[in-house]
Amino acid sequence: MPDLDDRAQLSLPVVEAAVGVVLVLATLSTFALAPPDASTREAQLDRYAADTASALAGESPSHGEATRLSEVAADEATFDRERAALQRRVERILPDNLLYRIETPHGAVGYDPPADAPVGVERVPTGGGTVVVRVWYA
Amino acid sequence: MRSPRLRDDQRGLTPVVSKALGVSLLLLYVGVLSTALYGGVVPDYRDAAGEELGERTLAGASLAVGDAVPPNATDATVERRVDIPRTIRGSTYEIRVENRSLVLDHPRFTRRRPLTLPEHVVSVSGSWTSTEEPVVRVDRVAGGVTVRLVAGDRS
Amino acid sequence: MTPPGADRDRDRGQANLLAIGLAVLALTAALGLGTFLAETALDGERRAAGERATAVAVSGRLVAADGPLAERRTVLDASALDAADAESLAERYPALADAEFRVTVGDRVVAERGDPIDGTTVRRIVTVRETESRTLTPELSTDGGPGVTLPRRTDRVRLRIEPPPNTTVRTVRVDGRVVLHDPSGLNGTHEVPVSRLETLRLSVDGEGRLPAGSIAVTYFPATDRKAELEVTVDA
């Protein structure tokens with residue numbers, strides 16, 4: 001018959017101590033692993049959107065584009081005609097790690113913004129309507 | 001063959017006493033720790049958290065003041081509301097202007113931060129109490145604009 | 001005879017106290033770690049908020065239309081970038097006074113003081129505009145005729161008008177629009193803003209002949225390059 005005295009036994013205080021340490025470490029991990037500040041990222045994206053809007057609105061046509069942003073916003077025919085050119089302009093302006101969507105009263109160019117990530121916004125009132133610039137990290 | 005051992009009445013401790021000793025040791029430990037924490041570490045951290053909130057508040061306020069200034073060409077008077085917490089570390093405080101810097105005046109600490117403003121700002125003045133609604137008011141004057149910290153109406 | 005569990009009780013008693021001692025030790029160590037982490041986290045947060053606000057404010061001033069390096073909103077002048085240095089920036093923006101900072105445009109460091117390793121960075125999208133000046137000295141007719149077409153676009157034109165004797169220059173037109181007019185005759189150097197969005201044709205109205213050299217037309221073609229402005233501040 002197995003000897004009762006030889007049975008191994010886990011000491012309860014050791015278990016209690018282990019649980020206590022795990023609890024403390026779990027609380028501490030909330031300090032160490034704090035999530036990055038989403039509002040900071042959104043503020044930076046808002047700045048990107050504002051700069052993009054400035055660049056689009058005042059762009060030098062030495063590259064060949066003569067259509068102003070206000071004209072693109074005002075007229076559906078102009079928008080349709082200048083859509084591709086607008087897309088090229090934005091893609092030349094933005095750094096590679098950003099995606100965009102430009103909305104005018106007559107339509108939009110770009111990609112679909114994510115629902116769960118920060119998106120920067122800038123609204124540009126032009127003579128022909130409000131243009132909305134959205135940018136986000138790819 | 002078992003090794004010789006003590007008789008019953010010569011055992012070091014009974015289980016009950018040993019448990020009681022263990023519990024009281026732990027209670028002692030908790031007591032000492034609580035005293036040490038609440039006496040020293042916790043107030044220090046509350047102060048540090050308060051100062052950190054103060055620093056963030058001051059940084060946010062100085063950005064808001066800078067943002068409120070319109071480019072030199074526009075004529076409009078600007079009034080912009082600013083968000084600051086009503087109390088920090090349980091006390092109200094003041095934010096005022098000294099020498100084109102913002103100073104956060106709190107009973108426990110003071111922080112100062114120079115303002116970053118465009119050149120056409122002629123003067124900056126005024127102060128806020130954290131209990132009132134803080135408003136930045138920019139008015140056009142000869143040669144530029146003035147910036148004032150005023151209390152807004154609660155609406 | 002001792003009951004079979006007695007020995008175990010005594011051993012367990014000692015092991016209890018030992019375990020309690022170890023538990024206390026472990027908890028104290030965890031607490032010490034927690035204190036250290038909290039201290040580091042708070043300290044880092046405090047500095048970061050101030051650094052970010054400074055970087056945002058300075059980058060905002062640099063891209064503004066009235067900024068020291070800007071030609072217009074979000075357009076920076078290449079020669080101003082060449083001339084920029086950390087001392088003048090720190091003097092202009094006292095928030096940078098006690099900090100180490102770096103301003104880069106594209107890959108080029110525009111101004112740097114110290115080494116802002118742990119700093120906070122704010123980025124803006126800008127255009128770097130390099131402007132040069134070119135001068136033409138064409139022969140022009142004074143009857144408002146064909147005039148001269150400027151080969152590159154420019155936002156302003158500088159005219160040096162030195163008509164020979166018996167010649168009067170009364171009006172200068174750009175694309176048909178009158179930019180200079182003086183019924184008694186134009187003379188000297190005048191600078192005229194024009195639209196950068198169009199190719200420009202210059203024509204002159206007056207009397208007499210204008211051989212080459214009597215009118216010098218200086219224009220300022222610009223090359224634009226997109227870049228990112230980065231301001232990093234380490235307080």
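Along every chain, residues carry numbers that run from 1 in the direction the sequence is written. Labels follow written order: the first chain is A, the first ligand is 1, and so on. Under the rules for a predicted model, residues below a pLDDT of 70 receive no local features and side-chain atom pairs below 80 are neither given nor counted, while totals for whole chains, interfaces and linings still include all residues.

1. Some details on the overall build of chain A
Each helix and strand in chain A was counted, giving four helices and four strands. Runs of H or I in DSSP of at least four residues are treated as helices and runs of E of at least two as strands, each being numbered from the N terminus. When the helices and strands of chain A are listed from N to C terminus, the series reads α-α-α-α-β-β-β-β. Counting the 138 residues in chain A, one finds 27% classified as buried. Whether two residues are in contact depends on their C-beta atoms, placed from the backbone: they are in contact if these lie within 7 Å. Long-range pairs, those at least 24 residues apart, make up 62% of the contacts in chain A with a sequence separation of at least 6. Counting other C-beta atoms within 10 Å of a residue's own tells you its class, since 20 or more makes it buried, 12 or fewer makes it exposed, and anything in between is partly exposed; those C-beta atoms are placed from the backbone.

2. Remarks on the interface of chain B and chain C
Across the boundary between the two partners, chain B contributes 32 residues, which contact 30 residues of chain C. Among the secondary structure elements, those contributing two or more residues to the side of chain B that touches chain C are helix H1 (15-68) and strand S4 (110-114) of chain B. With 19 residues, H1(B) is the largest single contributor of residues to the side of chain B that touches chain C. Residue classes follow a fixed rule: Ala, Val, Leu, Ile, Met, Phe, Trp, Tyr, Cys and Pro count as nonpolar, while Asp, Glu, Lys and Arg count as charged, and any other residue, Gly among them, counts as polar. Tallied by class, the residues present in the side of chain B that touches chain C amount to 14 nonpolar, nine polar and nine charged.

3. Some remarks on the sheet that holds strand S2 (residues 75-77) of chain C
Residues and elements named next belong to chain C. Any two strands are treated as partners once DSSP identifies two or more bridges connecting them. The strand order S1-S2-S5-S15-S3-S4 describes an open sheet built from six strands, whose pairing is mixed. Either end of the sheet is taken by a strand with one partner, and the two such strands are strand S1 (70-72) and strand S4 (108-113). Along the sheet, successive strands turn relative to each other by an average axial angle of 35 degrees, direction set aside. Bridge analysis of S2 against strand S5 (residues 120-131) gives three bridges, and the strand direction is parallel. Following the sheet pairing, Asp77 is matched in S5 by Arg129. Only the stretch in contact is used when a helix axis is fitted, and all axes are lines through C-alpha atoms; the angle between N-to-C directions ranges over 0 to 180 degrees.

4. Digging into the environment of C:Ala30
Residue and element names in this part refer to chain C. The residue Ala30 is located in helix H1 (residues 6-63) in this model. Given 18 C-beta atoms within a 10 Å radius, Ala30 is considered partly exposed. Taking the C-alpha atoms as reference points, Ala30 and Pro221, separated by 191 residues in sequence, lie 67 Å from one another.

5. Here we look at H1(B)
Given a helix with a known number of residues, its expected span is that number minus one, times 1.5 Å. For H1(B), built from 54 residues, the straight-helix expectation of 80 Å at 1.5 Å per residue is met to within 8% by its first-to-last C-alpha distance of 73 Å. We define the bend at any residue as the angle between the axes fitted to the seven residues before and including it, ending there, and the seven starting there. Of all the bends in H1(B), the greatest measures close to 45 degrees and is centred on B:Leu37.

6. Thoughts on the pairing of strand S10 (residues 168-174) of chain C
If a strand is regular, its side chains alternate between the two faces of the sheet. All names here are of chain C. Judged from the six bridges that link them, S10 and strand S13 (residues 201-210) form a sheet pairing that is antiparallel. Looking at the pairing, Thr168 lines up with Glu207 of S13. Two strands pair when backbone bridges link them, and S10 and strand S11 (residues 177-181) are joined in this way by four bridges, in the antiparallel orientation. What sits directly across from Thr171, in S11, is His181. Once S10 ends, the chain turns through two residues before running back antiparallel as S11, passing Asp175 with a positive phi of about 55 degrees.

7. Structural notes on the nonpolar core
Note on terminology: a nonpolar core is a set of buried residues of type Ala, Val, Leu, Ile, Met, Phe, Trp, Tyr or Cys, with members joined through C-beta atoms within 7 Å. With 76 residues, the main nonpolar core has A:Val133, A:Val135, C:Val58, C:Leu76, C:Val126 and C:Val231 as its most contacted residues. Among the elements that take part in this core, H1(C) stands out by supplying nine residues, more than any other. Residues within four places of A:Val135 in sequence aside, it is in contact with A:Leu45, A:Tyr48, A:Ala49, A:Thr52, A:Leu94, A:Leu98, A:Leu99, A:Tyr100 and A:Gly120.

8. What to know about the domain arrangement of chain C
Per the domain assignment, the segments making up chain C are domain 1 (7-131 + 223-235) and domain 2 (134-219). Domain segmentation is taken from an automatic or database assignment of domains. Placing a centre on the C-alpha atoms of domain 1 of chain C and another on those of domain 2 of chain C gives a separation of 53 Å.

9. Notes on the packing of helix H2 (residues 38-57) of chain A against helix H4 (residues 76-93) of chain A
Residue and element names in this part refer to chain A. In the contact formed by H2 and H4, the axes pass within 10 Å of each other and the chain directions differ by 130 degrees. Between H2 and H4, the angle is such that the two are oblique. As for how H2 packs across H4, the hand of that crossing is right-handed. Residues Thr52, Ala55 and Leu56 of H2 form the contact with H4, whose own contacting residues are Arg89, Val90 and Ile93. Residues of the contact of H2 with H4, tallied by class, amount to four nonpolar, one polar and one charged. In what follows, roughly perpendicular refers to angles from 65 to 115 degrees, roughly parallel to angles under 35, roughly antiparallel to angles over 145, and oblique to any angle outside these ranges. Crossings are assigned a handedness: left-handed for a near helix turned anticlockwise from the far helix by less than a right angle, right-handed for a clockwise turn.

10. Side note on unusual backbone geometry
All names here are of chain B. The phi torsion at Arg89 lies on the positive side, around 55 degrees, for a residue other than glycine. Summarising the element assignment, Arg89 is placed in the loop between strand S1 (78-81) and strand S2 (94-98). Note on Arg89: 17 C-beta atoms within 10 Å, which makes it partly exposed.

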